[in-house]
Amino acid sequence: MDINSTNGSPVVADSSPTAKSGLRIYSSLLPYSQSGSSFSTGVLAVPRKKPAKLDDVCSNGWLDAMISSSPPRKKILKDFNSFDVVLDDEIAYQSWMIRYPSALKSFQLIMDRARNKKLVIFLDYDGTLSPIVDDPDRAFMSNEMRSAVRNAAEYFPTAIISGRSRDKVCDLVGLKELYYAGSHGMDIMFPAKDMVSGNHLDCVFSTDLEGKEVNLFQPANEFLPMINEIFRTLVEITKGIKGAKVENHKFCASLHYRNVDENKWPLIAQYVHDILKDYPRLRLTHGRKVLEVRPVIDWDKGRAVEFLLESLGFSNHDDVLPIYIGDDTTDEDAFKVLRKENRGYGILVSTVPKESNAFFSLRDTSEGAASCSMILCVVIRCLKILCFLVCRTGKPETSWNSPPKGWVKLNTDGSFWSTTNRATAGGLLRNDMGHWLWGFSRNLGQNSITLAELTGIRDGLNIAWEHRVEKIIIESDSEVAIKLINCAEFTLWEV
């Protein structure tokens, strides 16, 4: 992130710019002197009593950043003016979307550019695949979201890039077919078969929990003792602050203050400020109601995207389209990389207007299944490129009619039972003689009829594609699903 912006960013900056010539990882990653606080096995002696003054965090902008780092949750107002408040918010959001159009409604544009290209999907976790919750240990992704990500990984290289530790985010996602980057890209694991440039001195061979050979890339490895020391100090110093939670993400330490009384926020900021005075090789970044202490090295989520593209053999290729979906300030580094030279698309997940390097936007995951539908539709639209496809809403009087000569017809049916909060997706493919060719059905954990229909369409297209079917008519009784696939006009509230 550019620390020298006119907005007076509260984040301590890397003093050296990102290298423009490849991804060489040398000691020059450390823009500051190698001197500074030495490692120790104890806890930094910072008094837990209230600091005498809090001027430091007020003057350097930390406190303002803490207050603005996460928008307040929307509350249902009971007074007569609540409608005006909601209306004003919606007008502001719709005006903002002129600059950052809905990714769902911009599908035709995205898919037109994706034609004859290899898609590579990058995803943040918190706030993108899972909702932001009070307890970060309970930030679980839904079954339908997990299914959508698994679907995407079947067709495109898919990576999760999170601020959490790599092991933690891997456990939360629970999908082995993905690439994982933890600690904001400072801890990357990928299959040994994917080769990297010999310039990457911090890349080593290792084995995963199943004994398979993997590559590990950890450019901040030498900071482990320092981060562990900071973690222990933060735990000790915040023991008396109700609601504070400290996490060790291996190459960064996080202090969550979402559940802390706002009157205590200046105290937390001053504690962290005083601790970092003794660690010139560490810096502070702000997330959504979280303070993160990270090494001062020239590495972030944007560099992680570049590294993974290079490792996959997609660096500087015109036939590759990377797409990154994220919601946090730290994702802006990745958005910036993709915006540079119009390399790919960044998609910001947000319920409120804010400046971004992203091209498109999605509403927050807590407001429905927009992100999940987005990923499923990427799969379906890319399958649509492989064959001549007509999608239309089914009608009772014509649904079981045979398709035209030389065509195959896919009828899908998604069902949802509110009593069990379960859904099913199924369908049937028939030829122009009306003969049944293939049928399919499966149970889902999804709670959206639209997602069930999209899943059924995706499954049916998989079968058609495997059997080299070139002309397909899809009929679904979900108008919203058909609108999504055909890029017709719809509202996000329909999803």
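Residues numbered from 1 in each chain as written. Predicted model: local features only at pLDDT ≥ 70, side-chain atom pairs only at ≥ 80, totals over all residues. Heavy atoms only, no water.

Q: I'm lost on the sheet that holds strand β12 (residues 345-349) in this one. Help?
A: Ordered by their spatial adjacency, nine strands build an open sheet running β5-β6-β4-β3-β2-β1-β11-β12-β13, and the pairing between neighbours is mixed. Where the open sheet ends on each side, the last strands, each with one partner, are β5 (203-207) and β13 (360-362). Going from strand to strand, the sheet's axes swing by 20° on average, the running direction of each strand aside. Pairing of strand β2 (residues 158-161) with strand β3 (residues 179-182) involves three bridges; the strand directions are parallel. Within β3, the residue paired with I161 across the bridge is A181. (Pairing = 2+ DSSP bridges. Helix = DSSP H or I, 4+ residues; strand = E, 2+ residues; numbered from the N terminus. Axes fitted to C-alpha atoms, helices over the stretch in contact; angles between N-to-C directions.)

Q: Explain helix α7 (residues 224-237) to me, please; I cannot follow it from the model alone.
A: Each full turn of the α-helix corresponds to 3.6 residues, which orients residues three or four apart in the same direction. Between its first and last C-alpha, α7 extends 20 Å over 14 residues, near the 20 Å set by a 1.5 Å rise per residue. When α7 is considered as a whole, its buried residues turn out to be M226, I227, E229, I230, T233, L234 and I237. For α7, the arc enclosing every buried residue in end-on projection is 160°, short of the 170-degree limit, so these residues lie on one face. Packed against the buried residues of α7 are β7 (245-248), β8 (253-256), α8 (265-276), β9 (282-287) and β10 (290-295). (Expected span 1.5 Å × (residues − 1). Buried < 20%, exposed > 50% of the residue type's maximum accessible area, 1.4 Å probe, protein only. Arc of directions from axis to C-beta. Contact = heavy atoms within 4.5 Å.)

Q: Before we go on, may I ask you to explain the packing of aromatic side chains in this structure?
A: For any pair of aromatic rings, the description rests on two quantities: the centre-to-centre distance and the angle between the ring planes. Evaluation of the coordinates by the stated rule reveals twelve aromatic pairs. Summarising the aromatic geometry, the rings of W96 and Y100 are spaced 5.0 Å apart at their centres and angled 40° between planes, so their arrangement reads as tilted. For the residue pair W96 and Y100, the accessibility class agrees, reading buried in each case. Seen from their ring centres, F217 and F307 are 4.2 Å apart, and the 15° between their planes marks the pair as stacked. Of this pair, F217 sits in strand β6 (residues 213-217) while F307 sits in helix α9 (residues 301-311), and the two are 90 residues apart along the sequence. For the pair F217 and F307, a shared accessibility class is recorded, and that class is buried. Feature note: the residues F190, F217, W299 and F307 constitute an aromatic cluster, connected by ring pairs. Residue placement shows R339 over the ring face of F359; its charged tip is 4.2 Å from the ring centre. (Phe/Tyr/Trp six-rings, centres within 6.5 Å; stacked < 30°, edge-to-face > 60°. Lys NZ or Arg CZ within 6 Å of the ring centre and 35° of its normal.)

Q: Mind showing me how you'd approach the sheet that holds β7 here?
A: The pairing of strands in a sheet comes from backbone hydrogen bonds and takes either a parallel or an antiparallel form. The strand order β7-β8-β10-β9 describes an open sheet built from four strands, whose pairing is antiparallel. Edge positions in the sheet fall to β7 and β9, since each of these pairs with one other strand and no more. The sheet shows a mean angle of 20° between the axes of neighbouring strands, direction not considered. Relative to β10, β8 runs antiparallel, the two sharing four bridges. Within β10, the residue paired with H256 across the bridge is V290. Here α7 sits on the sheet in contact with β7, β8, β9 and β10, set at roughly 165° to β7.

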